[in-house]
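Below, each chain spelled out in residue letters.
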Amino acid sequence: MSYKKFTENDIFLNTMKAYPKVNFFVYAGNVYYNNIPTQIGNRNTTVRNAPEGYISLYEYNIDRPDVPLGSTGDADGTRIPRFSLIAEAGSVKTEHLKTGPIDRGRIAPWISKDSARSSFKTVGAFVVGKSAYNSEFQYGDTLQGSYPLSASITRELVTDFRATTPGYPTTSGERHYVALRNRLDFYAVRSLHYKVDSPYGNKDRQTINLISIPSIFYGTKIKPGSVSLKWMITGSVIGELRDTRENGELVQVSGSTGIYSPDVGKVAGVVLYDEGIVLLTGSWDMNGKQISIGPGGTYARPKWIYFGVGAHDGHTYDPTFASASFSMDFKGHTETQVVSMFAHAKRGETNYSNNPTFLTYGQDHMEYTSSHSYEQRSDLLIKNTVSSSYSDYSASFHRQVYVSRVAIYDKLKNLVGVATLSNPVLKKEDQDLSFKIKLDI
Amino acid sequence: MPVQNFENLDNNTDVTTTRTLLHEVIPLTGTILSGAYADGNIKNYTHGMFQSVYDYPYLSSSANHIFDITMGYDETSPLSSSSSTQNAKKVNLYNQFSQVLLGYTGSTTDGVRKFENDLTLDGIGAMKECFFLSFSRLLVKDQIKKGSFSITVGTGDLWSEPSSGAPWDSLSTLIDISSSATAGTTNTIGGDYGLLYVSGGANVVQGLVFYQAGIVVLSASIWDGVSQFYHTLGSSSFTAQQTIVSASISGSADAIRHRVKDLSFNNTTEINSKIYFCRVPHNKYNYSSNPTYTSGSKIRVKEVASDTPRAYITTVGLYNSQNELLATAKVSEPLMKDPSNELILRVRLDY
């Protein structure tokens, strides 16, 4: 086997941009992601161990129930291994229980506390005084997490908020809004609708509908111009918002006829593309129907500030708001670095194979051997694989090989990768072939 | 832009590396292997050389591949015979596993090493008839944690569905008890391997576990004396020896699956980190050129004009020798800095 060196024009790096489509549908207190239904398992309530609308990171623990006493339910301990072990010292054997992470029948991560100070996010901070990590664990102790880690969208309604009130913010929604105030002002160059205090109103005093989208759903950022929010009553769209101007403004593009149609063209909120946040302040009525979508389940008319009611916001199911449903569509933005490598099989090269079947079967390969030398026969016949146009007739011999894979080596000649072709490619002696190998990194 | 002062990092005193081992508990109950999905999670192939086990019916997009089961024997095994079912495949599989995992002896007659029930690889105590479990990289990650592997198999006499409990009338647990990160393993071309001891047995080794390769080798001798090791529908029962000779590889894999009651190990992922100790001297970084730092030519964060200057650190930038920004590190909350204090920010970069 011969090695061929990549030259400078044979390897290049580029970036592949992809815009994955995302849809969230909110109905009657449930969220559905890309129309994936709930899958009921044989051994567990749900197959992925995450409710519909959630993404399960790694997709571990498929259809595995959580059992309190180890995967077999043995009562003799909740540690792995769960049975007595033999410790050997010469011929003397003793039995003891080995400690380890707790087994609840599910795959779970664990780590030993050591000087690198690594821990799971849920284990507590390193801050003195509030540090569970410092005080709860000894060095060498096991810190255990759990799978699946899951994520979905969350809606928060920020009402009666006064930034000047002492003691604010109190609720988590208020805290999230306060954390975004600087970013909102920063984006004011795109549109005044972002600005906290602008001619369009003061967000500190408005009721705000904050929808947070975890980045696992969109990647680097939400693609500008791709956002669409639809408010539906009994299945009919009563209003749609789109970021048609691609500057983050969510403009109402459709609405019911009659008295509600003048709302078309109004800006109901903004999207923070990089942060994955939809912030809605539109408080005009879009329909005359009163349903229990207001704060604490109070009755209110459909407004944009009530968009997405039931999306993990603590709003419990009520038959009257079951007539409302919400659809949120957008595209993500992911960038994948791709290495492209061109492997050239030039004419007159790469035309021999070490595969034993390359030579005609039944030949003696050895000419001469002694304790000092080994000589291969010089008249070995290569199997003629040239296809004839006629049946039962052998075509005349040509040198040809079938290329089935390209191996990639590093500079120390360690095999680092193998690219396999879907079908072997015929290479004749007078042909040049180039293989383009792509690798996502 | 904020003030940018560069502090040189001294490779000897300010930079260090650490390696954190992240483990995962991987429990696999026997119900996944046989019973829960009526073999809908078991994939057989037309080549018939191994069988794949998934954690859910494999036609579902949720299914993950867990491991493959196969078996084989050495050509010097008394069970090897041209009349045996899939004889060549069984011999080749054994030899392929042993070549890849153990390598060669250097002998000109039978140069391929055999699996042995010790760590010496001296040709004594060969396990010539073996079952192989190759675990998926998804579960094994970088390697199986040494000393964490255990498998409980039924050595009961009768064949029936495991739910009836018959194959599990008596149990044998194999553990790599003698293996640890520092001792009890042998390094070969297939990585480190340890011995699987029978729990409660008198120093009996019935299998091997290859930690980096994620392959478990079980000796068929665990089931010596079991009369119904395998049973095909409407035909008679086979002992373990008869199964190895007469059953196909997938048939033997079925028999093993029915016998596994419990299997667990911990995997390992190595996370390498570089730690940069970024030292903030008392007389530096007390000012910011952030446009909002001043208001009406006065420092915004100071109450009294005669107070010492004060700044709040939010970000550390890591630069290369050409002063090009490579990475930034953010603190969870801004740190107050004035001439009366010094800070050391510990920046960790995982890769």
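Residues numbered from 1 in each chain as written. Chains lettered and ligands numbered in written order. Predicted model: local features only at pLDDT ≥ 70, side-chain atom pairs only at ≥ 80, totals over all residues. Heavy atoms only, no water.

A. How the structure looks around the overall build of chain A. Each helix and strand counted, chain A has 2 helices and 25 strands in total. Within chain A, the proportion of its 441 residues that are buried is 39%. Accessible surface, chain A as shown: approximately 24,500 Å² in total, 51% of it carbon and sulfur. (Helix = DSSP H or I, 4+ residues; strand = E, 2+ residues; numbered from the N terminus. Buried < 20%, exposed > 50% of the residue type's maximum accessible area, 1.4 Å probe, protein only. Areas by Shrake-Rupley, 256 points an atom, 1.4 Å probe, with all protein chains shown as cover.)

B. The pairing of strand β2 (residues 21-27) of chain A, seen in detail. All names here are of chain A. Looking at chain direction, β2 and strand β19 (residues 324-331) are connected through 7 bridges and run antiparallel. Looking at the pairing, Y27 lines up with S325 of β19. Bridging between β2 and strand β3 (residues 30-33) involves 4 bridges; their strand directions are antiparallel. Bridge pairing links V26 to V31 in β3. The loop that links β2 with its antiparallel partner β3 comprises 2 residues; one of these, A28, has a positive phi angle of about 50°. (Pairing = 2+ DSSP bridges.)

C. Spotlight on the packing of aromatic side chains. All names here are of chain B. Enumeration according to the criterion identifies 34 aromatic pairs over all chains in this entry. Ring geometry for F67 versus F135: centroids 5.1 Å apart, planes at 45°, classification tilted. Note that F67 is positioned in strand β4 (residues 65-73) and F135 in strand β5 (residues 129-135), a separation of 68 residues in sequence. Residues F67 and F135 agree in their burial class; the two are buried. (Phe/Tyr/Trp six-rings, centres within 6.5 Å; stacked < 30°, edge-to-face > 60°.)

D. Focus on the side chain of B:S273. Residue and element names in this part refer to chain B. Relative to the helices and strands, S273 is located in strand β15 (residues 260-280). Overall, S273 belongs to the buried group, its relative accessible area being 1%. At 2.7 Å, the side chain of S273 and the side chain of D350 are in polar contact. Residues contacting S273, with those up to four places away along its chain left out, are T16, T17, T18, R348, L349, D350 and Y351. (Polar contact = N/O pair within 3.5 Å; in protein donor to acceptor, adjacent residues only side chain to side chain. Contact = heavy atoms within 4.5 Å.)

E. Representation of the domain arrangement of chain B. Looking at chain B, the domain boundaries give domain 1 (21-269) and domain 2 (281-350). Inter-centroid distance (C-alpha atoms) of domain 1 of chain B to domain 2 of chain B is 59 Å. (Domains from an automatic or database assignment.)

F. Quick peek at the interface of chain B and chain A. Across the boundary between the two partners, chain B contributes 44 residues, which contact 40 residues of chain A. Carbon and sulfur atoms make up 51% of the surface buried where chain B meets chain A, a total of about 3,400 Å² over both sides. The interface formed by chain B and chain A includes 0 salt bridges. Counting residues per element, the ones that place at least two in the side of chain B that touches chain A are β1 (15-29), α1 (30-33), α3 (137-140), β7 (150-154), β8 (171-175), β10 (191-198), β15 and β20 (343-350) of chain B. Considering every element that reaches the side of chain B that touches chain A, the biggest residue donor is β1(B), with 11 residues. Taken together, the residues that form the side of chain B that touches chain A break down as 17 nonpolar, 19 polar and 8 charged. Sheet analysis places strand β7 (residues 108-112) of chain A next to β1(B), joined by 4 bridges and oriented antiparallel. By the bridge assignment, A:W110 is partnered in β1(B) with B:H23. (Buried area = accessible area lost by both parts, 1.4 Å probe. Salt bridge = Lys/Arg side-chain N within 4 Å of Asp/Glu carboxyl O. Nonpolar A, V, L, I, M, F, W, Y, C, P; charged D, E, K, R; others polar.)

G. View of unusual backbone geometry. Looking along the chain, the bond that leaves A:Y147 and enters A:P148 is cis, with omega of 0°. Along the chain, A:P148 turns up in the loop between β8 (142-144) and β9 (150-151). Look at B:D39: it is not a glycine, yet its phi comes out positive at around 65°. For B:D39, the location among the structural elements is in the loop between α1 and β2 (42-44). Judged by relative accessible area, B:D39 falls into the partly exposed class, the value being 33%. Of note in the backbone geometry, B:L121 takes a positive phi value of approximately 55° without being a glycine. Topologically, B:L121 is positioned in the loop between α2 (87-101) and β5. Exposure remark for B:L121: the relative accessible area of 15% places this residue in the buried category.

H. Looking closely at the environment of B:K43. All names here are of chain B. Along the chain, the position of K43 falls in strand β2. C-alpha of K43 to C-alpha of L59: the two residues are 16 residues apart in sequence and 9.7 Å apart in space. Not counting the four nearest positions on each side in its chain, K43 is found in contact with Q51, S52, Y54 and Y58.

I. Fine view of the nonpolar core. Formed by 69 residues in total, the largest nonpolar core has its most connected members in B:F115, B:F135 and B:W223. Apart from the residues lying within four places of it in its own chain, the contact partners of B:F135 are B:L28, B:I66, B:F67, B:V140, B:F149, B:G214, B:V216, B:L263 and B:F265. In terms of nonpolar packing, the next biggest core, distinct from the first, is built from 54 residues, A:V26, A:Y33, A:Y177 and A:W231 among them. (Core = buried A, V, L, I, M, F, W, Y, C linked by side-chain atoms within 4.5 Å.)

J. Geometry of the pattern of salt bridges. Residues and elements named next belong to chain A. Taken as a whole and assessed by the stated rule, the structure comprises 22 salt bridges over all chains. A salt bridge links D285 to R301; the shortest N-O distance between them is 3.4 Å. Separated by 16 residues along the polypeptide, D285 in the loop between β18 (277-280) and β19 and R301 in the loop between β18 and β19 bring together distant segments of the chain. Owing to a relative accessible area of 23%, D285 belongs among the partly exposed residues under this scheme. Residue classification places R301 among the partly exposed positions, given a relative accessible area of 34%. The salt bridge partner of D432 is R347, with a shortest N-O separation of 2.9 Å. A residue pair is termed long-range when its members are at least 10 positions apart, and D432 in the loop between β24 (415-428) and β25 (433-440) and R347 in the loop between β20 (334-345) and β21 (366-369) qualify at 85 residues. According to the relative accessible area criterion, D432 is partly exposed, its value standing at 45%.

K. Focus on the sheet that holds β3(A). Residue and element names in this part refer to chain A. Taken together, the 10 strands give an open sheet; going across it, the order is β3-β2-β19-β14-β15-β16-β17-β18-β13-β10, and neighbouring strands pair in antiparallel fashion. Pairing within the sheet leaves two strands with one partner each, and these edge strands are β3 and β10 (154-158). Neighbour to neighbour, the strand axes of the sheet diverge by 20° on average, direction disregarded. As judged from the 6 bridges shared by strand β14 (residues 228-233) and β19, these two strands associate in the antiparallel manner. Residue pairing for β19: K230 is matched across the bridge by S327. (Axes fitted to C-alpha atoms, helices over the stretch in contact; angles between N-to-C directions.)

L. Region of interest: helix α5 (residues 249-259) of chain B. Along α5(B), 9 of the 11 residues are buried, which leaves the element largely enclosed by surrounding structure. Every buried residue of α5(B) is accounted for by B:I249, B:G251, B:S252, B:A253, B:A255, B:I256, B:R257, B:H258 and B:R259.

M. Representation of α2(B) in the model. Under the 1.5 Å per step criterion, the end-to-end length of α2(B) is 21 Å for 15 residues, consistent within 8% with the ideal 21 Å. Following α2(B) by one or two positions, B:G103 adopts a phi angle in the positive range, close to 90°. (Expected span 1.5 Å × (residues − 1).)

N. Focus on the side chain of A:S325. Residues and elements named next belong to chain A. Relative to the assigned elements, S325 resides in strand β19. Looking at S325, the relative accessible area reads 6%, which means it is buried. When neighbours within four sequence positions are excluded, S325 is seen to be in contact with F25, V26, Y27, K230, W231 and M232.

O. Focus on empty space enclosed by the protein. All names here are of chain B. Per the stated rule, a full pass over the model turns up 3 cavities of 30 Å³ or more. Empty space within the largest cavity amounts to approximately 60 Å³. Mapped onto the lining of the largest cavity, the elements with two or more residues apiece are β4 and α3. Each residue belonging to the lining of the largest cavity can be placed in one class, and the counts come to 5 nonpolar, 3 polar and 2 charged. (1 Å grid on protein atoms, 1.4 Å probe; cavity = no way out; pocket = protein on both sides within 12 Å on 5 of 7 lines; lining within 4 Å. Points joined across faces, edges and corners; volume = space filled by probe spheres on them.)

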